[in-house]
Amino acid sequence: MRCRTHAPSAPESKMTENQATQAVPAEPAVSAVETRTLSIPTLSLLAFLVGVVAAMGAALFRYMIAAVHNLFFLGKFSFFYDANHFDPPGPFGPFIILAPVIGGLVVVWMVQTFAPETKGHGVPEVMDAIYHKKGNVRGIVAGVKSLASAISIGSGASVGREGPIIQIGASFGSTMARLLNLARWQKITLLAAGAPGS
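Rules of the game
- Residues numbered from 1 in each chain as written.
- Predicted model: local features only at pLDDT ≥ 70, side-chain atom pairs only at ≥ 80, totals over all residues.
- Heavy atoms only, no water.
- Helix = DSSP H or I, 4+ residues; strand = E, 2+ residues; numbered from the N terminus.
- Expected span 1.5 Å × (residues − 1).
- Buried < 20%, exposed > 50% of the residue type's maximum accessible area, 1.4 Å probe, protein only.
- Arc of directions from axis to C-beta.
- Contact = heavy atoms within 4.5 Å.
- Salt bridge = Lys/Arg side-chain N within 4 Å of Asp/Glu carboxyl O.
- Phe/Tyr/Trp six-rings, centres within 6.5 Å; stacked < 30°, edge-to-face > 60°.
- Patch = residues over 30% accessible without salt bridge, like charges linked within 9 Å, V, L, I, M, F, W, Y side chains within 5 Å.
- Areas by Shrake-Rupley, 256 points an atom, 1.4 Å probe, with all protein chains shown as cover.

Taking 1.5 Å of rise per residue, 16 residues should cover 22 Å, and helix 4 (residues 99–114) covers 23 Å from first to last C-alpha, within 8% of that figure. Taken residue by residue, helix 4 has Ala 99, Gly 103, Val 107, Met 110 and Val 111 as its buried positions. All buried residues of helix 4 fall inside an arc of 95° around its axis, so they share one side. Seen from the buried face of helix 4, the exposed residues on the opposite side, beyond 90 degrees, are Leu 105, Trp 109 and Gln 112. Next to the buried residues of helix 4 lie helix 3 (40–73) and helix 6 (140–154).

Have a look at this one:
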C-alpha cells in the first residue's frame, strides 16, 4: 500500500495577510501639536538667533559664577574674577572651608524642589532628552541649571562650566521650538543649535 503524504494547507504553511499585518507594530501617532514645520531658510535664521542668545547666556553664566565666588570667598559683590590668579586672603578665616558645604546644600535644595532633571553633568541629560523625550527640555531647566551651577562652581565645587552651559542652551532652543509647536526634528534642530551656541 502506498502512504499518501498530505501537503500542509495554506493556513498551516504560512500566516495569512491579516496575521502578517497584525504582527507588524504600528508606528506611534504623531502629536497633533508637533506638526508645524518651517522652511529651511526660516529654520536656519531661527537656529542662528537661538545660538546667539545661548552664547549671551553663556557669558552671563560666567559673570554669575564670578559674583558667587567673590561673595563666598572674598565677602564682596563683584563680577570680576580671574581664575588664573590666586585670591587674596578672605575675611572668613578658617570658616572658609564651609563654603562648598553651604553651596552644596543650597544646590541640592534648588534641584530637588524646582527641576530634578538639572542634576548631573548636563550633556547626558541633553542626549536623553533627544532620544527618549522627543527633544523636550523644560524652560525652567535653563534658570535652575544656571543658578544652581553658578552657586556650585562659585562656592568651590569640583565641577566645570561646559556641561551646564550646554544644557542651558539646549533648554532655550527646545523651549523656543515648543512655543512655535514645531515638529520633532525641527525641535531637535533648535535644541542642537542652542547647545553649541553656548
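From this point on, the discussion continues.
Right, let's talk about the pattern of salt bridges for a bit. Scanning all chains against the criterion turns up one salt bridge. We note a salt bridge from Asp 128 to Lys 133, for which the minimum N-O separation is 3.6 Å.

Tallied over the full model, the rule gives three aromatic pairs. Summarising the aromatic geometry, the rings of Tyr 63 and Phe 79 are spaced 6.4 Å apart at their centres and angled 85° between planes, so their arrangement reads as edge-to-face. Taken together, the positions of Tyr 63 in helix 3 and Phe 79 in the loop between helix 3 and helix 4 put the pair 16 residues apart, joining distant regions of the chain. With relative accessibility at 47%, the residue Tyr 63 sits in the partly exposed group. In this structure Phe 79 comes out as partly exposed when scored by relative accessible area, which is 45%. A ring pair is formed by Trp 109 and Phe 114, whose centres lie 5.5 Å apart and whose planes are at 90°; its orientation type is edge-to-face. The class of Trp 109 is exposed, set by a relative accessible area of 51%. Residue classification places Phe 114 among the partly exposed residues on the basis of a relative accessible area of 38%. Connected via pairs of aromatic rings, a cluster forms that spans Tyr 63, Phe 77 and Phe 79.

A cluster of nonpolar residues, Phe 92, Phe 95, Ile 97, Leu 98, Val 101, Ile 102, Leu 105 and Val 106, forms a patch on the protein surface that exposes about 780 Å² of accessible area. Relative to the assigned elements, Phe 92 resides in the loop between helix 3 and helix 4. Assessed through its relative accessible area of 37%, Phe 92 is described here as partly exposed.

On to unusual backbone geometry. Residue Lys 134 is not a glycine yet carries a positive backbone phi of 60°. Mapped onto the secondary structure, Lys 134 falls in the loop between helix 5 (123–132) and helix 6. Phi at Asn 181 takes a positive value of approximately 55°, unusual for a residue other than glycine. Along the chain, the position of Asn 181 falls in the loop between helix 7 (162–179) and helix 8 (184–197). Residue classification places Asn 181 among the partly exposed residues on the basis of a relative accessible area of 35%.

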